[in-house]
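# Commentary on secondary and tertiary structure
Residue-level listing of the chains:
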Amino acid sequence: MAKPVTGFSKKTKTEKIDWLTKTYLSNNPEALQTLQQYWNEDQKLQKLHDDFIENTLSNYYLPFGVAPNFLINGNLYALPMVIEESSVVAAASNAAKFWLDRGGFKAQVLSTQKNGQVHLDYFGNEQNIVSFFAEVKPKLIESVSTIQKNMKKRGGGLLDIELVSKNETLNGYFQLHCTFETLDAMGANFINSCLEQVAKTFEAEADSYKPFTTTNIFPEVVMSILSNYVPECLVRAEVSCKLAELAQNDISGENFAQKFVRAIQIAQTEPRRAVTHNKGIMNGIDALILATGNDFRAVEAGVHAYASKDGKYTSLTDAKIENGIFTFSIKIPLALGTVGGLTTLHPLTKFAFELLQKPSAKELMELVAVAGLAQNFAAIRSLVTTGIQKGHMKMHLMNILNQVDASEIEKKKAVAHFNDNTVSHSAVIAYIKQLRS
Ligand code: MEV
């Protein structure tokens, strides 16, 4: 069994790799080579990446692709996407092209409020904490004035603080529920700094509040942290067209729309389908979030909580047919930033923002919602017509060819061959074998 290591973070990169190789990898010399081949020759660029996290050993590449032809609110975009799943960018591009000829996507930010809580324990008379809060609230707000000076200048900041009793669901549990406008910043650091200051001031003031000192029962701060659940930071996107415009191959527009709406209704009713349905939406959302250096775990957590806000996990998209018009829409909470964090640090996120014409956080919310809607459209379109595997396996073909080290000529031949033949792992292996024999 391996022995615990001390001072690991202080070791140099090669010392770390050396220790790991000796301890876990049977001294395999290839381990160093594997990691080293991804080091950047540009020392400055490598240092930038090294410093993103602790104990960096190497860089982990994901493809940075682009889906062009997205007509969104009358402007044409090429959406940058970072993702490993082979069919996602192709599907997004197809959906973009499809809607380009049908009026494009419309998106609108509905609200931009973020929130965080100071979580409190208080086991005394509820009226005492209510009166204390009413008295101390202006001081709490005043106490963050330095932290929020710049944010306020730009028109954002702490919006309000409310005392919320959660005593009924958890004995002695109260919150200071704080709401924020963070403009173009995702705002995690700003919100957490404000919350920690509010908590400090609250505790300090409570120490000398008479009803607490006489009863000797004081409220105590358990923790202060932003919430990644942001249902008041909402964006909506939609596409719509006449039914006849949906006709494709051997399926009428009306028939396609009906099947499509039915597929959405199934995802709205059946959580097992809703999870996969929403996963497809997140394929598009996460890819754009990653390309722009935003926090995809925060978005994932918030979006899935929103999908179950009514007590049952359901679809994030909706579709309807009304008066001969098909409408397909998405409404999701998104807390995003176009300044701060990785957004201005990583050369590729900088590139992504330039490609997107330097959007504000609100504009980015609209683009991300569209990426999710487009991805869902592409998936449902395939599912209710050809089935998903046709497109998936076509894109997966290159992965299988790379697994068997196919040469460029073999790849070319295989792509041509599988244009008219069904792709499966065994069929590709058999084809390459036959080519090689
Ligand atoms: C695969 O990554 C995503 C899909 O499964 C989504 C869906 O089923 O709607 C195709």
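Quick look at the structure, then. (Residues numbered from 1 in each chain as written. Predicted model: local features only at pLDDT ≥ 70, side-chain atom pairs only at ≥ 80, totals over all residues. Heavy atoms only, no water.)

### With respect to the overall build of the chain
Defined as follows: The helix count covers DSSP runs of H or I at least four residues long, the strand count covers runs of E at least two residues long, and both are numbered beginning at the N terminus. The buried label goes to any residue with under 20% of its type's maximum accessible area, the exposed label to any with over 50%, and the partly exposed label to all in between, with areas taken from a 1.4 Å probe on protein chains only. Here the accessible surface of atoms and residues is derived via Shrake-Rupley with a 1.4 Å probe, and residues count as covered only by protein chains that are part of the display. When charges are counted, Lys and Arg contribute as positive and Asp and Glu as negative, whereas His and the chain ends are disregarded. In plain terms, the charge of a residue is placed at NZ if it is Lys, CZ if Arg, CG if Asp and CD if Glu.
Each helix and strand counted, the chain has 16 helices and ten strands in total. For the chain, the C-alpha atoms occupy an extent of roughly 90 × 70 × 40 Å along the three principal directions. Every one of the 437 residues in the chain was classed for burial, and the buried ones make up 42%. Here the chain displays about 23200 Å² of accessible surface, and carbon together with sulfur accounts for 52% of that area. Of note, the chain has its 44 positive side-chain charges centred 5 Å away from the centre of its 44 negative side-chain charges.

### Quick word on the sheet that holds strand β4 (residues 114–121)
Quick reminder of the rule: When DSSP finds at least two bridges between two strands, those strands are taken to pair. Axis geometry follows a simple rule: fit a line to the C-alpha atoms, using only the stretch in contact for helices, then measure angles between N-to-C directions, giving values from 0 to 180 degrees.
Here we have four strands laid out as an open sheet, ordered β5-β6-β4-β7, and antiparallel in their pairing. On the outer flanks of this sheet lie β5 (157–165) and β7 (220–226), each paired with one strand and no other. Taken pair by pair, the neighbouring strands of this sheet meet at an average axis angle of 20 degrees, ignoring direction. As judged from the eight bridges shared by β4 and strand β6 (residues 173–181), these two strands associate in the antiparallel manner. Note that in β6 the partner of leucine 120 across the bridge is phenylalanine 174.

### Some remarks on the site of the ligand
Note the following rule: The nearness test applies per residue and asks whether one of its heavy atoms lies within 4 Å of the molecule or strand. For this analysis, a polar contact is any N or O atom pair within 3.5 Å, provided that within protein one partner can donate a hydrogen and the other can accept it, and provided that sequence-adjacent residues contribute only side-chain to side-chain pairs.
Neighbouring the ligand are Glu85, Arg273, Thr276, His277, Lys279, Gly280, Asn283, Ala379, Leu383 and Ile388. The side chain of glutamate 85 places a nitrogen or oxygen atom 2.6 Å from an oxygen atom of the ligand. When the ligand is considered free in solution it has 300 Å² of accessible area, and contact with the protein chains removes 88% of it. Ranked by the residues each element gives to the shell around the ligand, the list is headed by helix α10 (residues 271–291), at six residues.

### Considerations on the pairing of strand β10 (residues 325–333)
Within β10, seven of the nine residues are buried, leaving the element largely enclosed by the surrounding structure. Where strand β8 (residues 234–242) and β10 come together, nine bridges link them in antiparallel fashion. In the sheet register, arginine 236 faces β10, and the bridge partner there is lysine 331. Two strands pair when backbone bridges link them, and strand β9 (residues 317–322) and β10 are joined in this way by six bridges, in the antiparallel orientation. Along β10, the bridge assignment pairs lysine 320 with threonine 327. Counted between consecutive antiparallel strands, the loop separating β9 from β10 contains two residues, among which asparagine 323 sits at a positive phi close to 50 degrees.

### Quick notes on the sheet that holds β10
The pairing of strands in a sheet comes from backbone hydrogen bonds and takes either a parallel or an antiparallel form. We apply this condition: Any two residues whose heavy atoms approach within 4.5 Å at even a single point are treated as in contact.
If you trace the four strands from one edge of the open sheet to the other, you get β3-β8-β10-β9, paired in antiparallel fashion. This sheet does not close on itself; its edge strands, each paired only once, are β3 (106–109) and β9. Geometrically, the sheet is characterised by an average inter-axis angle of 20 degrees between neighbouring strands, direction not taken into account. In this sheet, β8 lies alongside β3 in antiparallel orientation, the contact comprising four bridges. Residue pairing in the sheet places alanine 107 in a bridge with alanine 237 of β8. The sheet contacts of helix α9 (residues 253–269) involve β9 and β10, and relative to β9 the element is tilted by about 140 degrees.

### Some remarks on the packing of helix α14 (residues 388–403) against helix α16 (residues 425–436)
The following threshold applies: Small angles under 35 degrees read as roughly parallel and large ones over 145 as roughly antiparallel, with 65 to 115 read as roughly perpendicular and the rest as oblique. Left-handed describes a crossing whose near helix is turned anticlockwise from the far helix through less than a right angle; right-handed describes the clockwise counterpart. For this scheme, ten residues count as nonpolar: Ala, Val, Leu, Ile, Met, Phe, Trp, Tyr, Cys and Pro. Four count as charged, namely Asp, Glu, Lys and Arg, and the remainder, Gly too, count as polar.
It is at 10 Å that the axes of α14 and α16 come closest, and there the two elements cross at 50 degrees. On the basis of their axis angle, the class for α14 and α16 is oblique. Considering only the axes of α14 and α16, their crossing is right-handed. Residues Met393, Leu397, Ile400, Leu401 and Gln403 of α14 pack against His425, Val428, Ile429 and Ile432 of α16. Here the contact of α14 with α16 is composed, by residue class, of seven nonpolar, two polar and no charged.

### Brief notes about a nonpolar patch on the surface
Applied cut-off: Each patch groups residues whose relative accessible area exceeds 30% and which form no salt bridge, using 9 Å between like charges and 5 Å between nonpolar side chains of Val, Leu, Ile, Met, Phe, Trp and Tyr. Counted as salt bridges are all cases of a side-chain nitrogen of Lys or Arg within 4 Å of a carboxyl oxygen of Asp or Glu.
Residues Val222, Met223 and Ile225 make up a contiguous nonpolar surface patch of about 260 Å² in total accessible area. Inspection of the secondary structure puts isoleucine 225 in strand β7. Under the relative-accessibility criterion, isoleucine 225 is labelled partly exposed at 37%.

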